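Below, each chain spelled out in residue letters.
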Amino acid sequence: MKILARLEPLIEEGLIDSVICQLMSGKEAMVYMVRSGEHALCAKVYKDRNKRNFQHFASYTEGRRIKNSRRARAIEKGSHYGRIAREEGWQNTEVDMLCRLGMAGIRVPKFYNFFSGVLLMELITDAEGNVAPRLNDMSLTPQQARYYHKTLISHVVQMLCLGIVHGDLSPYNVLVDREGPVIIDLPQAVNAAGNQQARMMIKRDIDNLTSFFYRFAPDLAQSDYASEIWSYYQRGKLPQAHLTGLVKSQNKPVNVGNILQAIDSANRKELAWQRHKQAKLNGYSAHY
């Protein structure tokens, strides 16, 4: 196989020995199977920004902290250096997420190295040692669907407890090995407290998963974990939450009498204020 130019520096540095094959080409990167010693690894080669098909880039970077003030100013101005720094920040976010989430026990690929814009990480395989399938390509039993759904909801909760929202979670960004789901593709992960769209993103993530799973387990269609999870998160009670997927609706009857009384009170106050203003205007005119 012809060696991709972007992978040559890793061969020269001895980080990998050879390129075995291309696994996929996505909207933000190309992924290759590579060999390093006796091990097969996964090499993610990020595409240049002008070749990526990832929409609303700015909405994902909102709230990200940049410690270097010079880099922050350059990114804000959109200079050449700023664009490079922005790309590096995008890629470094995935490295950071793999390390943080992995240490927290969330199932993501193991991080090995990041060099020259290429991320080296664990190659996820199935029970037979083949490349693990994406969740979207699988047909599940109702029991599997419920189990995988429950597992991924648990990971979403664990991530949010760390202040992280995946932001692009779907059946396309989940691999399934012999133990179950593994979450991938994390450069767009957002700070839950610093991004105003975090609530919308976590709802979209969960809706994407549920829409897939209820094809195999129709009872999941009635669940609303997103609203429940965010409610616990806002109240600081998420780590201890017992999730049911159900959100209690407010079915208390409306007290029409109280509403009419409030309206009448507001009208009387407004009339009194108008009379007061008119009296002042009349007094002002009489004075002159």
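Please refer to the structure placed before this passage.
Criteria and cut-off values
Residues numbered from 1 in each chain as written. Predicted model: local features only at pLDDT ≥ 70, side-chain atom pairs only at ≥ 80, totals over all residues. Heavy atoms only, no water. Salt bridge = Lys/Arg side-chain N within 4 Å of Asp/Glu carboxyl O. Helix = DSSP H or I, 4+ residues; strand = E, 2+ residues; numbered from the N terminus. Buried < 20%, exposed > 50% of the residue type's maximum accessible area, 1.4 Å probe, protein only. Contact = heavy atoms within 4.5 Å.

**Some details on the pattern of salt bridges**
Evaluated as defined, the whole model comprises nine salt bridges. Where Asp96 meets Arg100, a salt bridge forms, and the shortest distance between an N and an O atom there is 3.9 Å. Residue Asp96 and its partner Arg100 are located together in helix H4 (residues 80–103), separated by four residues, close to a single helical turn. A relative accessible area of 36% means that Asp96 is categorised as partly exposed. In this structure, Arg107 engages Asp177 in a salt bridge whose closest nitrogen and oxygen atoms are separated by 2.6 Å. Within this pair, whereas Arg107 is found in the loop between H4 and strand E4 (111–115), its partner Asp177 is found in strand E7 (residues 174–177), the two being separated by 70 residues in sequence. Residue classification places Asp177 among the buried residues on the basis of a relative accessible area of 13%. Through salt bridges with shared partners, a single ionic network connects Glu28, Lys44, Glu94 and Asp185.

**Describing the environment of Pro142**
For Pro142, the location among the structural elements is in helix H5 (residues 142–161). Distance from Pro142 to Phe216, taken between C-alpha atoms, is 5.2 Å for residues 74 residues apart in sequence. Once residues lying within four places of it in the same chain are set aside, the contact partners of Pro142 are Phe216 and Ala217.

None of the figures reported here should be taken as evidence of function without further support.
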